[in-house]
Every structure is written in structure tokens, then in C-alpha cells.
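Descriptive analysis of the structure
What follows is each chain in one-letter form.
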Amino acid sequence: MTTTSPTRASSSTTIDGVEITRRRNPRASLLTAFTWILALGFFFPVLWMVLTAFKQESDAATNPPTFIFTPTLDQFKEVFDAGIATPLLNSLFATIVSTILVLALGVPAAFALSLRPVRKTQDALFFFISTKMLPIVAAIIPLYVIVGRIGMLDNIWTLVILYTAMNLPIAVWMMRSFFLEVPGELLEAASIDGASLWTSVREVILPLISPGIAATALICVIFSWNEFFFAVNMTAVNAQTMPVFLTGFMSGQGLYWAQLSAASVLAALPVVICGWIAQNKLVRGLSFGAIK
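Residues numbered from 1 in each chain as written. Predicted model: local features only at pLDDT ≥ 70, side-chain atom pairs only at ≥ 80, totals over all residues. Heavy atoms only, no water.

With that settled, the discussion passes to the confidence of the model for the protein chain. Looking at the protein chain as a whole, its pLDDT mean stands at 82, while 85% of the residues score no less than 70. Counting contacts from residues 1-7, a segment whose pLDDT is below 50, to residues more than four positions away or on other chains yields 0 contacts. (pLDDT = per-residue confidence, 0-100. Contact = heavy atoms within 4.5 Å.)

As a packed pair, helix α10 (residues 210-226) and helix α13 (residues 257-277) sit with axes 10 Å apart at the nearest point and diverge in direction by 175 degrees. With respect to α13, the axis of α10 lies roughly antiparallel. Where α10 approaches α13, its residues Leu218, Ile222 and Trp225 are matched on the opposing element by Ala267, Pro270, Val271, Cys274 and Gly275. Looking at the contact of α10 with α13 residue by residue, the class counts come to 7 nonpolar, 1 polar and no charged. (Axes fitted to C-alpha atoms, helices over the stretch in contact; angles between N-to-C directions. Helix = DSSP H or I, 4+ residues; strand = E, 2+ residues; numbered from the N terminus. Parallel < 35°, antiparallel > 145°, perpendicular 65-115°, else oblique. Nonpolar A, V, L, I, M, F, W, Y, C, P; charged D, E, K, R; others polar.)

Now for the pattern of salt bridges. Using the criterion set out here, one finds 2 salt bridges in the structure. Where Glu203 meets Arg202, a salt bridge forms, and the shortest distance between an N and an O atom there is 3.2 Å. The class of Arg202 is partly exposed, set by a relative accessible area of 34%. (Salt bridge = Lys/Arg side-chain N within 4 Å of Asp/Glu carboxyl O. Buried < 20%, exposed > 50% of the residue type's maximum accessible area, 1.4 Å probe, protein only.)

Count 3.6 residues to each turn of an α-helix, and residues three or four apart come out pointing the same way. Over its 14 residues, helix α6 (residues 136-149) extends 20 Å from the first C-alpha to the last, a length consistent with the 20 Å expected when each residue adds 1.5 Å. In the structure, α6 departs most strongly from a straight axis at Pro142, where the bend amounts to approximately 30 degrees. Elements in contact with the buried residues of α6: α7 (156-180) and α11 (229-234). Following α6 by one or two positions, Gly151 adopts a phi angle in the positive range, close to 70 degrees. (Expected span 1.5 Å × (residues − 1). Bend = angle between axes of the 7 residues up to and from the residue.)

Let's shift gears to α7. For α7, spanning 25 residues, the distance from its first C-alpha to its last is 35 Å, which sits close to the expected 36 Å at 1.5 Å a residue. The axis of α7 is deflected most strongly, by about 35 degrees, at Leu168, and proline Pro169 appears within four residues downstream. Of all 25 residues that make up α7, 19 are buried, and the element is covered over most of its length. Here α7 starts with a cap whose side-chain oxygen sits 2.9 Å from the backbone nitrogen of Trp157, and that cap is Asn155. (Polar contact = N/O pair within 3.5 Å; in protein donor to acceptor, adjacent residues only side chain to side chain.)

Okay, the environment of Pro71 next. In this structure, Pro71 sits in the loop between α2 (57-60) and α3 (74-81). Judged by relative accessible area, which is 60%, Pro71 ranks as exposed.

Here we come to the packing of aromatic side chains. All chains considered together, the criterion is met by 5 aromatic pairs. Each ring, one from Phe44 and one from Trp48, has its centre 6.0 Å from the other, and the planes form 25 degrees; the classification is stacked. One end of the pair is Phe44 and the other is Trp48, both in helix α1 (residues 26-53) and 4 residues apart, which spans about a single turn. Phe44 gets classed as partly exposed once you look at its relative accessible area, which sits at 43%. What makes Trp48 partly exposed here is its relative accessible area of 23%. (Phe/Tyr/Trp six-rings, centres within 6.5 Å; stacked < 30°, edge-to-face > 60°.)

The subject of this paragraph is unusual backbone geometry. Cis geometry marks the peptide bond from Asn63 to Pro64; its omega dihedral reads 10 degrees. Looking at the element boundaries, Pro64 is found in the loop between α2 and α3. Unlike most non-glycine residues, Asp154 shows phi in positive territory, near 55 degrees. By the secondary structure assignment, Asp154 is in the loop between α6 and α7.

Structure, rendered in C-alpha cells:
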């Protein structure tokens, strides 16, 4: 009595005159299809937001939804007329300046806690991460009182300082893991060749961990750009940021879906561009040890 094993679908490819047969695994095909469906499910809200941004308000509020419509840029014009330029510039300024400050402070701190460890390194690391254990809502009242007494309410520099303090612990922990991946012998070899410590760090260490710095910077950009709680409590008009500006489209008359979608597209665009520019370094950074 003979038994036959179930056959699998196969395809053949000819390379340099040699026929190569590849067998298709049904389970792998199902897993691939499921992954695509899941990815499209996560991406669909973003796609629907972009499509709604090009609709009229009458088309955006229909039930069932309107899939066939005439694209228009009227909603983007309305958003700019509503004064999106100031919140957009405020968010850009607070995000860029705070990220630069985080890197300027975080790189030396991470270096001192890894390749040139200081005394009681674990205590310093615990201190950094312990600052993230206190809920923001528990600190907002004393922060508001302090900022109000020094006359810094509704000031963009207040957000810069708060965003720097918010992102610095995460940046130190991330960049320390990158520095730990660098062999300490590189510094010894550079010092033997006569290079100073600053030269060794600038010419040897920083080029090696540049993917990690890019990954850390991108995460700080995302956290700062999307931050809402500090911005809504510490600002009013002059230092208003994009997340606070978006809440202005929610009124007692209802939601302006098309305008809100247009403003959301403009709000997401800078972060998407940053991610697209840094995608190669981000992938290298994540695989280099930034997130374990």
C-alpha cells in the first residue's frame, strides 16, 4: 500500500538555462494575504483622511460615504485662511529647537554612561528614567504656577524647554545602547594615534552611530510634534501649536470633517517627510540596537 503526500503549487523559473522549481506553501500564502489585509486596514483611515481633505463639506458628511466626487482644494484654502501658518511655524520651531537641544545634551550624557562610564552609572540611569514615571497631569499644576510667575505663559520657549525635558531621558537611554555597540578599542586606537578625545568622538564614534542618532532624533520629532497636553495648557494664541489648532475645528455646530482632514494632512506632512528622508538611517538604527 502506498501513500501520497499532498502536493503543493509550484512555479518554475529559468536562470542561465537552468530551470529552478519553487514550491508554494499555502500557509505562507495565507499569512502573506493576512498581513496585507492587516496593513491595509491600518492604512485605510489615513487614506480616507487624505481623500476627505479634497472633498466639499457636503460630500464629507454624507451617509453612506461618498467615494466618487470632484476633487477640490477649497478646504486647504479655508485652513490657511483660518490661520494655520502661525501654529505650523510654532510647531516647527518648538520641535526643531528642542530636538537639537536633546541631541546636544543627550549625546555627551550617553557617551559618559557607556564608553566612558562615570561613577554610579546605574543610579544616573535610574534618575533619567524615573522622570518619566510621574504622570504629566500630576505635574501640570506646579509647572503652570511656576511658568505663570516668571511670565512665560503663551511663550514658545516654554514649550521648547518642556519638550527638551520630556524627550531627554528617552534619548539618553536610546543613544546609550548605540554607544554600547561600539567597541571601546576604537577609542584606545585613536588615542594611541595621537587623537584627542573630542577628535576621536567626532571622527570615529559619531559616524558609526549616526543611524542611531537619526533614529533618536526622529522619535523626538514625533513626540514633540504630536504633544498636546503641555501645549493646550501652556499656550493661548501666540504659541499655539498644530495639535491645539486642530481642536478648533470642533465646535458646537458639529465637526467640519473636510476642513479638519485638510488641516490634519498638513499637520502630518512634515513628520512624514522627515520619516521618508531618514528611513534608511532609521532602519539601520533600529537594527543597530536602538530598540531591544
